[in-house]
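What the coordinates show
What follows is each chain in one-letter form.
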Amino acid sequence: MAQRITTRNARFQQWQALLGNRNKRQRAGEFLVQGVRPLRLAVEHGWPLRAVLYAAGRPLSRWAEGIVRDTGAERIAMAPELLAELGEKDAAAPEVIAVAELPADDLARIPVPEDFLGVVFDRPVSPGNIGSVIRSADAFGAHGVVVSGHAADVYDPKSVRASTGSLFAVPAVRVPSPREVTAWLADRAVTVVGLDEHGEADVFDFDLTGPTLLLVGNETNGLSTAWRDACHHLVRIPMGGSASSLNAANAATTVLYEARRQRHRAPAVTPPVLA
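Residues numbered from 1 in each chain as written. Predicted model: local features only at pLDDT ≥ 70, side-chain atom pairs only at ≥ 80, totals over all residues. Heavy atoms only, no water.

Topic: the overall build of the protein
The cut-off we apply is this: Labels follow the DSSP assignment, with helices taken as runs of H or I lasting at least four residues and strands as runs of E lasting at least two, numbered in each case from the N terminus. Buried residues are those whose accessible area, probed at 1.4 Å on protein chains only, stays under 20% of the maximum for their type, while exposed residues exceed 50% and partly exposed ones sit between those limits. Only the protein chains shown count as cover for residues, and the accessible areas themselves come from Shrake-Rupley with a 1.4 Å probe. The charge count treats Lys and Arg as positive and Asp and Glu as negative. His and the chain ends do not count. Taken as the charge location is NZ of Lys, CZ of Arg, CG of Asp or CD of Glu.
Looking only at helices and strands, the protein features 10 helices and 12 strands. Here the protein holds 275 residues, and the buried ones make up 49% of them. For the protein, the accessible surface area stands at approximately 13500 Å², while carbon and sulfur atoms represent 51% of it. Distance between charge centroids for the protein: 6 Å, based on 29 positive and 30 negative side chains.

Set out below in structure tokens:
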């Protein structure tokens, strides 16, 4: 049986705090999932959901009924105006919002196969950029994303929405510093490649087919000194026009695409010999 919440009681206030307070997300060990695609992918990938919230007295679509009925999470029928607040919508409330469990920040969650491709985002300021990098990592076959240092939060609603659900498909792990990552890779033959406008080679001329960890710097200051020291190579994205650099998420997407292109390059086709 579903619990009903029609007032701004303690539980509603706790969930409302998850929208903008990273410390409360961390203490509670949970975050909110808004949107059809993120929720669908969370369920498909077996992400632990603690509660599903839906509008009391409003018919649900077949998809939403399945989410409410089949996830095994606690069911909460909520006043539509309160659900709209949690959905950060000014008008109609979303059909369903989920309260999801925070995973451990453990680098062991990221697999390191022979064709490993990973991304480190160094001290990102924008949660939207974090979500966009996770989305690109998913699209181009990366095995995981690491967010390093004093940074925006992976589980900020803006990041979760920007990932369009890829957060639930690609492991994303937060670490305090490069030290944890270098220890994790110590016994693995992974090439660490940083993006820098003064890199030694254009990214299109650099071999990204082997096990590779790509490093993307902070939106304003680029890579930290510690991360530069951890790099085996620095590469650059050749630029034209008046722009001196790309947005960090766009730069990550460009290099992830190039890694994918190199790894899936079609064999050369020998033209037929004409008699």
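So much for the structure itself; the text now carries on.
Comments concerning helix 3 (residues 36-44)
Threshold: Picture the helix axis, draw a direction to every C-beta atom, and the arc is the one those directions span. Only heavy atoms enter the contact rule, under which two residues are in contact if any of them lie within 4.5 Å.
By the burial criterion, the buried members of helix 3 are Pro 38, Leu 39, Leu 41 and Ala 42. The arc that holds every buried residue of helix 3, seen down its axis, measures 165 degrees, which confines them to one face. Turning to helix 3, the residues buried within the fold contact strand 2 (30-34), helix 4 (62-70) and strand 5 (96-101). Following helix 3 by one or two positions, Gly 46 has its phi on the positive side, about 70 degrees.

A short note on the nonpolar core
Here is the rule: Buried residues of nine kinds, namely Ala, Val, Leu, Ile, Met, Phe, Trp, Tyr and Cys, make up a nonpolar core once their side-chain atoms join them within 4.5 Å. In this entry, domain limits derive from an automatic or database-based domain assignment.
Formed by 53 residues in total, the largest nonpolar core has its most connected members in Phe 31, Val 145, Val 154, Leu 167 and Phe 168. In terms of residue count, the dominant contributor to this core is helix 10 (residues 248-263) (seven residues). Taken together, domain 1 (3-101) and domain 2 (107-265) each give at least three residues to this core, which thus spans both. Apart from the residues lying within four places of it in its own chain, the contact partners of Phe 31 are Leu 18, Arg 25, Trp 47, Ala 98, Val 99, Ala 100, Glu 101, Leu 102, Tyr 155, Val 160, Leu 167 and Phe 168.

Thoughts on the packing of aromatic side chains
Basically, it comes down to this: Two rings from Phe, Tyr or Trp (for Trp, the six-membered ring) form a pair when their centres sit within 6.5 Å of each other. Planes less than 30 degrees apart are called stacked, planes more than 60 degrees apart edge-to-face, and all others tilted.
The full count for this structure, using the stated rule, is six aromatic pairs. Centroid distance Phe 31 to Trp 47: 6.3 Å. Interplanar angle 90 degrees. Geometry classified as edge-to-face. With Phe 31 in strand 2 and Trp 47 in the loop between helix 3 and strand 3 (49-55), this residue pair connects regions lying 16 residues apart in the sequence. Accessibility expressed as a relative area gives 12% for Trp 47, which makes it buried.

Looking at the domain arrangement of the protein
Rule in force here: Computed with a 1.4 Å rolling probe, the buried area is the accessible surface lost when two parts are put together, summed over both parts. Any Lys or Arg side-chain nitrogen located within 4 Å of an Asp or Glu carboxyl oxygen qualifies as a salt bridge. Pairs of N or O atoms within 3.5 Å make up the polar contacts considered here, provided that, within protein, one atom can donate a hydrogen while the other can accept it, and that residues adjacent in sequence are counted only when both atoms are side-chain atoms. Each residue gets one of three labels, nonpolar for Ala, Val, Leu, Ile, Met, Phe, Trp, Tyr, Cys and Pro, charged for Asp, Glu, Lys and Arg, and polar for the others, Gly among them.
Looking at the protein, the domain boundaries give domain 1 (3-101) and domain 2 (107-265). Inter-centroid distance (C-alpha atoms) of domain 1 to domain 2 is 31 Å. With 16 residues of domain 1 at the contact, the number on the domain 2 side is 16 residues. Of all residues in domain 1, Arg 22, Phe 31 and Trp 47 bury the most surface against domain 2, accounting for 35% of the area lost on that side. Joining domain 1 to domain 2, the criterion identifies three salt bridges. Between Arg 161 and Glu 88 there is a salt bridge, with its nearest N and O atoms 2.7 Å apart. If you look at where domain 1 meets domain 2, you find six residue pairs in polar contact (both at pLDDT 80 or more). Classifying every residue of the side of domain 1 that touches domain 2 gives nine nonpolar, three polar and four charged.

Re the sheet that holds strand 5
Our working rule: For two strands to be treated as a pair, DSSP must find no fewer than two bridges joining them. For helices, the fitted line uses only the C-alpha atoms of the stretch in contact; every axis is such a line through C-alpha atoms, and the angle between N-to-C directions lies from 0 to 180 degrees.
Here five strands make up an open sheet; going across it, the order is 1-4-3-5-2 and the pairing mixed. Looking at the sheet topology across the chains shown, the edges are occupied by strand 1 (3-5) and strand 2. Within the sheet, the average angular offset between the axes of one strand and its neighbour, ignoring direction, is 25 degrees. Strand direction decides the pairing type here: strand 3 and strand 5, joined by five bridges, are antiparallel. From the neighbouring strand, Val 52 faces strand 5, where its bridge partner is Ala 98. Docked against the sheet, helix 1 (residues 10-20) engages strand 1, strand 2, strand 3, strand 4 (74-78) and strand 5, running at close to 80 degrees with respect to strand 2.

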